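So you can see what is in the structure, the chains are spelled out below.
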Amino acid sequence: MIRQAKGKTPRRPPPKKPSSNQKDPVGVYCRVRPLGVEDEECCIEVISSSTMQLHAPEGFKTNRNGEYKETQYSFKKVFGVSVSQMELFEYVAKPFVDDLIHGKNGLLFTYGVTGSGKTFTMTGSPGQGGLLPRSLDMIFNSIGPYQAKRYVFKTDDKNGMEVQSEVDALLERQRRENNLPVPKTTSSRQKPDPEIADMIKPEEAYKADGVDEDSSYSIFVSYIEIYNNYIYDLLEETQEEAIKPKWNGGGTPVRQNTEFIPPQSKILREDQNHNMYVAGCMEVEVKSAEEAFQVFWRGQKKRKIANTRLNRESSRSHGVFIIKLAQAPLDADGDDILQDKSQVNVSQLCLVDLAGSERTGRTGAEGTRIREAGNINQSLLNLRTCIEILRENQMCGTNKMVPYRDSKVTHLFKNYFDGEGKVRMVVCVNPKADDYEETLLVMRFAEMTQEVEVARPMDRPICGFTPGRRNRHHAFKEELSRKLEELGGPIDGDVPSAINHLVNSLPPLPSSELNDPHDDITLPRLIEALQNRHRIRQMMIEEYNKAANTMKCMLQELDNNLISKENFIHEQNGKLVQRDKLIQTNKAEIESLEKRTKMQEHKIEILQKTTKIYEGDKRSLQQELETRDQRLQRELSEKRRMEQRMHGVVSDTQFKWEKECERRVNAKQLEMQNKLWVKDEKLKQLKAIVSESKTGRPDPPSRQTQPQPRPQPQRPSREDRLPAKRSASPSPVPTATPVRPLHRRSRSAGGEKWVDHKPSSNLDLGTVLQPVIPNAIQVSAPSEKALSKCDRYVLTHQEVASDGEIQTKLIKGEVIKTRGGGQAVQFTDIETLKQELTTVPSRKRKSSEGAPANGDRTDGAWTDVETRCSVAVEMRAGSNMGPGFEHHGITKRRKP
């Protein structure tokens, strides 16, 4: 036995992509519900038509420091508490109804916390109809005259639509009318269902523009609910009796009476166009807004609601009302619907009333209510997750998988987010302070949803028939009826009346009663009348044949014209096919170019991010380089200052030691000269004694009479021997010495204005005390305009002092007006500012008080020279003369 090879599973075709490259953001609208109690605290404020602000209630601290935080949110439109249902419908749902009639899909859902008014916004109340009844009323006001007969459009089991002939539709109507169940009589205690006339006033009716008159329309509605992540059909006839005990064949219940069979849930399937639909869901064809609203209310009564602490009628499930519009073009004559399934266009509008998010701690839920609340919050959380991933994929260029299948809500509407229709959301909020935290989360999600973009749906194809066919057919029927009425022919197919009129137009027959067998008058009279009638009949037949031939010629001409038109239409269709192929080729090229563009944009984004990183590194490196350059400049300036300071110290020390050495040499020379003079004197005396001994010893003189001594040679003066030098440790001289006077700082008057001239070449020394001149105009170069506004002038000048330090001079003057109308500056005062370092030791000196005359010096107390005197006194070392004998005042060199 040869085993047949196992075939591979055929690959699933990829989902169709939207042909339009344009995208629209998800439209988010916000509606604020009025407060239930006037004295209740409000946490929401409508700032403008598109902005609202949330205030934290008292006792709720949003920041760590305990401050209250106010946040603002912007939407496409914000509706306050005074907005009407009609105004809300005009802004939100009316564009969706227009798109539905023109063959486009739409998804509109309400979102918010429990008790925020979502069901009221969608359904409304008597006298205040919501979005759903107003949408139904506008649809039937627009397509009412162009509706097809019932059952001409027929739904199949695969989310498609078929077209039946009028005969098949008539048989279908008869079959269904015979099988209709007997309607149940409503109890007198049961509250009657509201009608759409109670919801909408006649003056509030809307009508769409641009409706295609050459098409026939039919409306199908379905109503489902998603309860605990299961889908149930609310329009199923067996839905009311779904919860019943299970009985066996013997007539006894298998389970106890308290255990019931749950209703059968529905499943989601995907049609041939990759659109999601609920398999086995009942779709009811309706022909008026009243009938459609009755069907909706029949399902609304079966929807799961419960009484909670926050809402008396809280929706425990997500309600989805689907309005499906089927339209097909008329044939070339404009009489019947074109029997072509490919020409049928189906568009749908989904109106979703989402259950509100809630916290079990606030609602006081127990048992089943906790499970319901958990499933509601989980489905809303999954919707939020899908929106976040869609936003991330679009903004960051990622390709993360969107978890549509995690929830029935997102799985059912995944096609809308993939580009099969427009999406809008109405966010309902309750301004009371108790809902502040939940409202804050809802606002964040709504503001994030606005950033998601959905591809714009493509327009439906246009059939090749001539427009205006319905009006021409209607005009033709009216003209035919008028002609037949003028000719006395049948009107509206009234064949018996036409025959009676034809019989009455013939001459009447004479009396044919024979009373005598020899009557020769009656029979010839009857024969003549019959011959006359036969002649008239032949004439009428000839006229009828002529008219028939004329009609045949006209029909042949019409057939020829029709054939030529069909040939022309066939040629045009061929051209359209070629154009379609060309368009498809261009679309393929555009898609490839778009892919390349996206790739290039992605690369550009990567390069831009890399460039930003490099620019940041470059800026940081430049800042570091500038910091190091500044540090290096400071170090170089400090080095130059240190070099100049050390150069000054070295030169000062060198000059000091040179003076000291010179002083010591001079002192030694003076000492040696004194010793030499003493020796010379002794030698002279010895020489005189020797000479006297050779000549004879004279009598010694008496004590009373002493010989007069020889005149000694005059000692050279100190000024002739040595220049004036400063001693190493001179004692202070009590003589008055001139002291250099200090300049008094000038004080500017309080009302005077100054021109503060600071050249741009000045260095910032970083000193703590800076000259501050109030009421001054700072300039880097003086100008006539600045001088004309002020009456005082000050110039900040910097120069290098002798010790290497930079000193600042403030040169002040007065601004004087000249005869020629100009200004001149007369300098009056100079202030000097100087900076010193503490590392250079101040020069000290010893005080040599009570020094011996032989030149030996003892260490005295060290005192600061500047605190002792401003001049130094120098005298000869070893001199026996007092300190006031001879001195030279030398100005002391200031320390650096």
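Every value quoted in this text rests on a predicted model; they were computed, and no experiment measured them.

A. Representation of a nonpolar patch on the surface. Where nonpolar side chains cluster on the molecular surface, the patch consists of Met-551, Met-554, Leu-555 and Leu-558 and spans about 390 Å² of accessible area. Within the fold, Met-554 resides in helix H15 (residues 522-695). Taking the relative accessible area as the measure of exposure, Met-554 reaches 44% and is therefore partly exposed.

B. Region of the structure containing the side chain of Glu-831. With respect to the helices, strands and loops of the structure, Glu-831 is situated in strand E27 (residues 823-834). Taking the relative accessible area as the measure of exposure, Glu-831 reaches 10% and is therefore buried. A polar contact of 2.7 Å, which involves the side chain of Glu-831, links it to the side chain of Lys-812.

C. Local environment of the pattern of salt bridges. Evaluation of the coordinates by the stated rule reveals 25 salt bridges. Salt-bridge contacts for Arg-456 lead to Asp-24; the nearest nitrogen and oxygen are separated by 2.7 Å. Placement of Arg-456 in the loop between strand E22 (453-455) and helix H13 (469-487) and of Asp-24 in strand E1 (residues 23-25) is noted, with a sequence separation of 432 residues between them. Using a relative accessible area of 22% as the deciding quantity, one classes Asp-24 as partly exposed. Between Arg-391 and Glu-451 there is a salt bridge, with its nearest N and O atoms 2.2 Å apart.

D. Representation of the packing of helix H4 (residues 131-143) against helix H7 (residues 289-300). For the pair H4 and H7, interaxial distance at closest approach is 9 Å and the crossing angle is 150°. For the element pair H4 / H7, the angle class is roughly antiparallel. Along this stretch, H4 crosses H7, giving a crossing that reads as right-handed. Here H4 contributes Leu-132, Pro-133, Leu-136, Asp-137 and Phe-140 to the contact with H7, which in turn contributes Ala-289, Ala-292, Phe-293 and Phe-296. Its residues placed into classes, the contact of H4 with H7 shows eight nonpolar, no polar and one charged.

E. Summary view of the sheet that holds E27. What the five strands build is an open sheet, ordered E24-E23-E25-E26-E27; its pairing is mixed. The sheet is open, and its two borders are formed by strand E24 (776-779) and E27, each paired with just one other strand. Averaged over all neighbouring strand pairs, the angle between strand axes comes to 25°, with direction disregarded. Sheet topology note: the strand E26 (residues 806-817)/E27 ladder contains 11 bridges and is antiparallel.

F. Up close: the packing of helix H2 (residues 94-101) against H4. For the pair H2 and H4, interaxial distance at closest approach is 10 Å and the crossing angle is 40°. Relative to H4, the element H2 lies oblique. By crossing handedness, the relation of H2 to H4 is classed as right-handed. Residues Lys-94, Val-97, Asp-98, Leu-100 and Ile-101 of H2 pack against Ser-135, Met-138, Ile-139, Ser-142 and Ile-143 of H4. Considered class by class, the residues forming the contact of H2 with H4 number six nonpolar, two polar and two charged.

G. Here's a closer look at the pairing of strand E15 (residues 276-279). Strand direction decides the pairing type here: strand E14 (residues 267-270) and E15, joined by four bridges, are antiparallel. Among the inter-strand pairings, Glu-270 is bridged to a residue of E15, identified as Met-276. Counted along the chain from E14 to the antiparallel partner E15, the turn is five residues long, and its residue His-274 has a positive phi close to 65°.

H. Region of interest: H4. For H4, with 13 residues, the first-to-last C-alpha span of 19 Å sits near the 18 Å given by 1.5 Å per residue. A large share of H4 lies buried, amounting to 12 of its 13 residues. Looking only at H4, the buried set comprises Leu-131, Leu-132, Pro-133, Arg-134, Ser-135, Leu-136, Asp-137, Met-138, Ile-139, Phe-140, Ser-142 and Ile-143.

I. Region of the structure containing the sheet that holds strand E4 (residues 51-55). Spatially, three strands are ordered E3-E4-E5 in an open sheet, and the strand pairing comes out antiparallel. Of all the strands in the sheet, just strand E3 (44-46) and strand E5 (70-74) have a single pairing partner and so form its edges. Across this sheet, the average inter-strand angle for adjacent strands is 25°, counted without regard to direction. With three bridges joining them, E3 and E4 adopt antiparallel strand pairing. Of the residues in E4, the one forming a bridge with Glu-45 is Gln-53.

J. Main features of the nonpolar core. By size, the foremost hydrophobic cluster in this structure holds 56 residues, and its most contacted members are Met-52, Phe-75, Phe-413 and Met-443. Contact partners of Phe-75, with chain neighbours within four places excluded, come to Val-28, Cys-30, Ser-50, Met-52, Met-443, Ala-446, Glu-447 and Gln-450. Leu-88, Leu-131, Ala-208 and Ala-292 belong to the second largest nonpolar core, which has 48 residues in total.

K. Focus on the packing of aromatic side chains. The final tally for this structure, using the stated rule, is 12 aromatic pairs. Between Phe-79 and Tyr-91 the ring centres are 5.9 Å apart and the planes differ by 65°, which places this aromatic pair in the edge-to-face class. Taken as a pair, Phe-79 in strand E6 (residues 77-79) and Tyr-91 in helix H1 (residues 85-92) lie far apart in primary sequence, 12 residues in all. A relative accessible area of 39% places Tyr-91 in the partly exposed class. Residues Tyr-223 and Phe-321 carry aromatic rings whose centres are separated by 5.6 Å and whose planes lie at 80° to one another, so their mutual orientation is edge-to-face. With Tyr-223 in strand E12 (residues 215-227) and Phe-321 in strand E19 (residues 318-329), this residue pair connects regions lying 98 residues apart in the sequence. No difference in accessibility class separates Tyr-223 from Phe-321, as the two residues are buried. Through successive ring pairs, a cluster of aromatic residues spans Tyr-223, Phe-293, Phe-296, Trp-297 and Phe-321. Residue placement shows Lys-77 over the ring face of Tyr-91; its charged tip is 4.7 Å from the ring centre. It is Arg-424 that lies over the ring of Phe-96; its NZ or CZ is 5.3 Å from the centre.

L. Up close: the side chain of Lys-266. For Lys-266, the location among the structural elements is in the loop between strand E13 (230-233) and E14. The class for Lys-266 is buried, based on a relative accessible area of 12%.

M. Spatial organisation of a negative patch on the surface. A cluster of acidic residues, Glu-166, Asp-333, Asp-335 and Asp-336, forms a negative patch at the surface. Looking at the element boundaries, Asp-335 is found in the loop between E19 and strand E20 (345-353).

N. Looking closely at the environment of Val-772. Tracing the backbone shows Val-772 in the loop between strand E23 (754-757) and E24. Note on Val-772: relative accessible area 72%, which makes it exposed. Considering only alpha carbons, one finds Val-772 and Asp-756, 16 residues apart in sequence, at a separation of 9.7 Å.

O. Representation of the environment of Phe-321 within the structure. Given the relative accessible area of 1%, Phe-321 is considered buried. With 21 residues separating them along the chain, Phe-321 and Gln-300 place their C-alpha atoms 9.8 Å apart. Among all residues touching Phe-321, those that are not within four sequence positions of it are Leu-132, Leu-136, Val-221, Ser-222, Tyr-223, Ala-292, Phe-296, Leu-349, Cys-350 and Leu-351.

Rules and cut-offs
- Residues numbered from 1 in each chain as written.
- Predicted model: local features only at pLDDT ≥ 70, side-chain atom pairs only at ≥ 80, totals over all residues.
- Heavy atoms only, no water.
- Patch = residues over 30% accessible without salt bridge, like charges linked within 9 Å, V, L, I, M, F, W, Y side chains within 5 Å.
- Areas by Shrake-Rupley, 256 points an atom, 1.4 Å probe, with all protein chains shown as cover.
- Salt bridge = Lys/Arg side-chain N within 4 Å of Asp/Glu carboxyl O.
- Helix = DSSP H or I, 4+ residues; strand = E, 2+ residues; numbered from the N terminus.
- Buried < 20%, exposed > 50% of the residue type's maximum accessible area, 1.4 Å probe, protein only.
- Polar contact = N/O pair within 3.5 Å; in protein donor to acceptor, adjacent residues only side chain to side chain.
- Axes fitted to C-alpha atoms, helices over the stretch in contact; angles between N-to-C directions.
- Parallel < 35°, antiparallel > 145°, perpendicular 65-115°, else oblique.
- Left-handed = near helix turned anticlockwise from the far one by under 90°.
- Contact = heavy atoms within 4.5 Å.
- Nonpolar A, V, L, I, M, F, W, Y, C, P; charged D, E, K, R; others polar.
- Pairing = 2+ DSSP bridges.
- Expected span 1.5 Å × (residues − 1).
- Core = buried A, V, L, I, M, F, W, Y, C linked by side-chain atoms within 4.5 Å.
- Phe/Tyr/Trp six-rings, centres within 6.5 Å; stacked < 30°, edge-to-face > 60°.
- Lys NZ or Arg CZ within 6 Å of the ring centre and 35° of its normal.
- Lys, Arg positive; Asp, Glu negative; His and termini not counted.
- Charge placed at Lys NZ, Arg CZ, Asp CG, Glu CD.

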